[in-house]
Amino acid sequence: MTENTRNTMWGGRFAEGPDAVMQAINASIAFDRRLAPQDIRGSRAHAAMLAATGILTDSDAEAIREGLITVLSEIEAGTFPFRTELEDIHMNVEARLGELIGEPARRLHTARSRNDQVATDFRLWVRDRIDAATAGLTALIRALLAQAGAGADWVMPGFTHLQTAQPVTWGHHMMAYVEMFGRDLSRLADARARMNECPLGAAALAGTSFPIDREMTARELGFDRPMANSLDAVSDRDFALEFLAAAAICAMHLSRLAEELVIWSSAQFRFVTISDRFTTGSSIMPQKKNPDAAELLRAKLGRILGATVALFTVMKGLPLAYSKDMQEDKEQVFDAADTLLVGLAAMEGMVRDLTANRAALERAAASGFSTATDLADWLVRELGLPFREAHHVTGTLVRAAEARGCDLPDLPLEAMQAVHPGITEAVYGVLGVRNSVASRTSYGGTAPVRVREQIARWKERIG
């Protein structure tokens, strides 16, 4: 048997190379090549540590460092010779390094395994994507704050069950999404803090007998500390699951806002106009302006939810430490991260370009008996009615207005007094939508003064 028919990665244990089908199912280079920058960064840190501890000579470490720089430049230039038979990004990099610098490349794998290597690479990659998602969320929040500031005192209908409930302000509605996406920022920050421990040095599963300095490696890679248990270090994928969970919640928020934009931009609502940059036309109906970006955002939540369930399913039955099942972690996370980042960018663009129709919002706010709760509150405050009685009186007045084909502010005083004689002319002061929103001054309320306070708080928070 010739050397090239054996698997040189696995050494002398195997007399024959893998079957073609085995090679196809086993190789991950088609997707894990995305880890190349992180893999090379980890290898450089590992080589520097090996030299600092005397395990590797300075000359070998320098050759490795220079060789890895060349490998990275080839990958970035698109000239790197990826080879499926080398299975993954780790062995592809190591093999190319050997072609470039010779014998020192064979010493790079001292005191590490592909198990701790991939765990480190993947953790670095997820950390990078958390940082990118954080930047995307911050940009989206800024766009929402700009919308909220422009319409802090614009009235619009607030809905429950998609039925008119009470008047709110446009700014208040925008700030609700700021709070949602703010929680997403917090979840990502929590996940990043928890995952910021370094697996490198755990080796295959039991650590190593070489006198390595794991603290140094962790520092070099920007981790807070090494992971404390070598079994856990190579088998943990909680960091990826946490990222996916945070991404799924964030995508759900994107989907909710997208749904509102679809509804609001329809001819039946005309609350907003989505810019031409985020809409499409019809091949047959020339009048159409379809909110396709928003519709696609609704759908893309499914990809991220699917990735989350898929990785939970991979991990749920695995004994310690490493199992090959875990190779199935990356494609799910890669796709979810890509989907989240493009979704954040698309929503930020839509919100930034969004034009709200103030007149249509105010007309809608004044319809559907939206100030009925204000009337009930007035009856409690001014006439001393128990709230349940006030609720009943108001419901009767709504029915009377409905029968006349008018809204509450247009119901004559005598008609109101026929239901409750204590009602006076002063009641009309609370039935206008502007008065309604201005009165909601409780903390977190829709009053413009409260909205502006929250805008200022968030601007200070995100800088």
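Below or above, wherever it landed, is the structure these notes cover. Note that the structure is predicted; figures quoted are calculated from it, not measured.

## Observations regarding helix α6 (residues 114-150)
Next, step 1: Over its 37 residues, α6 runs 54 Å from end to end, which matches the ideal 54 Å to within 8%, given 1.5 Å per residue.
Next, step 2: α6 sits mainly inside the fold: 26 of its 37 residues count as buried.
Next, step 3: Among the residues of α6, the N-terminal cap falls to Ser113, whose side-chain oxygen and the backbone nitrogen of Asn115 are separated by 2.9 Å.

## Re the packing of aromatic side chains
Next, step 1: Per the counting criterion, the structure on display carries 9 aromatic pairs.
Next, step 2: Centre to centre, the rings of Phe122 and Phe334 are 6.3 Å apart; their planes meet at 90°, and the pair counts as edge-to-face. Placement of Phe122 in helix α6 and of Phe334 in helix α12 (residues 330-353) is noted, with a sequence separation of 212 residues between them.
Next, step 3: With a centroid separation of 5.5 Å and 50° between ring planes, the pair formed by Trp170 and Trp264 is classed as tilted. A residue pair is termed long-range when its members are at least 10 positions apart, and Trp170 in helix α7 (residues 170-195) and Trp264 in helix α10 (residues 238-264) qualify at 94 residues.
Next, step 4: According to the relative accessible area criterion, Trp170 is buried, its value standing at 0%.
Next, step 5: Sitting over the ring of Phe82, Arg33 keeps its end group 4.1 Å from the ring centre.

## Comments concerning the packing of helix α14 (residues 372-383) against helix α15 (residues 387-404)
Next, step 1: The contact between α14 and α15 brings their axes to 8 Å, and the two run at 135°. Taken together, α14 and α15 sit at an angle that is classed as oblique. Seen along the crossing, α14 lies across α15 with a hand that is right-handed. Packed against α14, whose contacting residues are Ala372, Leu375, Ala376, Asp377, Leu379 and Val380, the element α15 presents Phe387, Ala390, Val393, Thr394, Leu397 and Val398 at the interface.
Next, step 2: Split into classes, the residues belonging to the contact of α14 with α15 amount to 10 nonpolar, 1 polar and 1 charged.

## Thoughts on the pairing of strand β1 (residues 155-160)
Two faces make up the sheet, and in a regular strand the side chains alternate between them.
Next, step 1: Note that β1 and strand β2 (residues 163-169) share 6 bridges and pair antiparallel. Bridged to Gly158 within β2 is Gln166.

## Comments concerning the nonpolar core
Next, step 1: Judged by nonpolar contacts, the single largest core of 99 residues is most densely connected at Trp170, Phe181 and Met347.
Next, step 2: Per element, the largest residue contribution to this core is 16 residues, and it comes from α10.
Next, step 3: Setting aside residues up to four positions removed in sequence, Met347 forms contacts with Leu140, Leu254, Leu257, Ala258, Leu261 and Leu297.
Next, step 4: One finds Leu397, Val398, Ile423 and Val430 within the second-largest nonpolar core, a separate group that totals 22 residues.

Calculation criteria
- Each chain has its residues counted from 1, running along the sequence as written.
- Owing to the predicted nature of the model, reporting of local features is limited to residues with pLDDT of at least 70; listing and counting of side-chain atom pairs is limited to 80 or more, with chain, interface and lining totals taken over all residues.
- Side-chain calculation: all heavy atoms of the structure are included, whereas hydrogens and water are not.
- Under the scheme used here, helices are H or I runs from DSSP no shorter than 4 residues and strands are E runs no shorter than 2 residues, and both carry numbers assigned from the N terminus.
- To estimate how far a helix should extend, the number of its residues minus one is multiplied by 1.5 Å.
- Exposure is judged per residue with a 1.4 Å probe applied to protein chains only, and the accessible area is read against the type maximum: over 50% gives exposed, under 20% gives buried, and values in between give partly exposed.
- By the criterion applied in these results, polar contacts are pairs of N or O atoms within 3.5 Å in which, for protein atoms, one can donate a hydrogen and the other can accept it, and in which residues neighboring in sequence qualify only through two side-chain atoms.
- Side-chain rings of Phe, Tyr and Trp (the six-membered ring for Trp) are treated as a pair once their centres are within 6.5 Å; stacked means planes under 30 degrees apart, edge-to-face means over 60, and tilted covers the remaining angles.
- We call a charge positioned over a ring when the NZ of a Lys or the CZ of an Arg lies within 6 Å of the ring centre and within 35 degrees of the ring normal.
- Helix axes are fitted to C-alpha atoms over the stretch in contact, other axes to C-alpha atoms as well, and angles between N-to-C directions run from 0 to 180 degrees.
- For classification purposes, an angle smaller than 35 degrees is called roughly parallel, one larger than 145 roughly antiparallel, one from 65 to 115 roughly perpendicular, and anything else oblique.
- In this scheme the handedness of a crossing depends on how the near helix is turned from the far one: anticlockwise by less than a right angle means left-handed, clockwise means right-handed.
- Should any heavy atoms of two residues lie within 4.5 Å, those residues are counted as being in contact.
- For this scheme, ten residues count as nonpolar: Ala, Val, Leu, Ile, Met, Phe, Trp, Tyr, Cys and Pro. Four count as charged, namely Asp, Glu, Lys and Arg, and the remainder, Gly too, count as polar.
- Two strands pair if DSSP finds at least two bridges between them.
- Side-chain atoms within 4.5 Å link the members of a nonpolar core, which is a set of buried Ala, Val, Leu, Ile, Met, Phe, Trp, Tyr and Cys residues.

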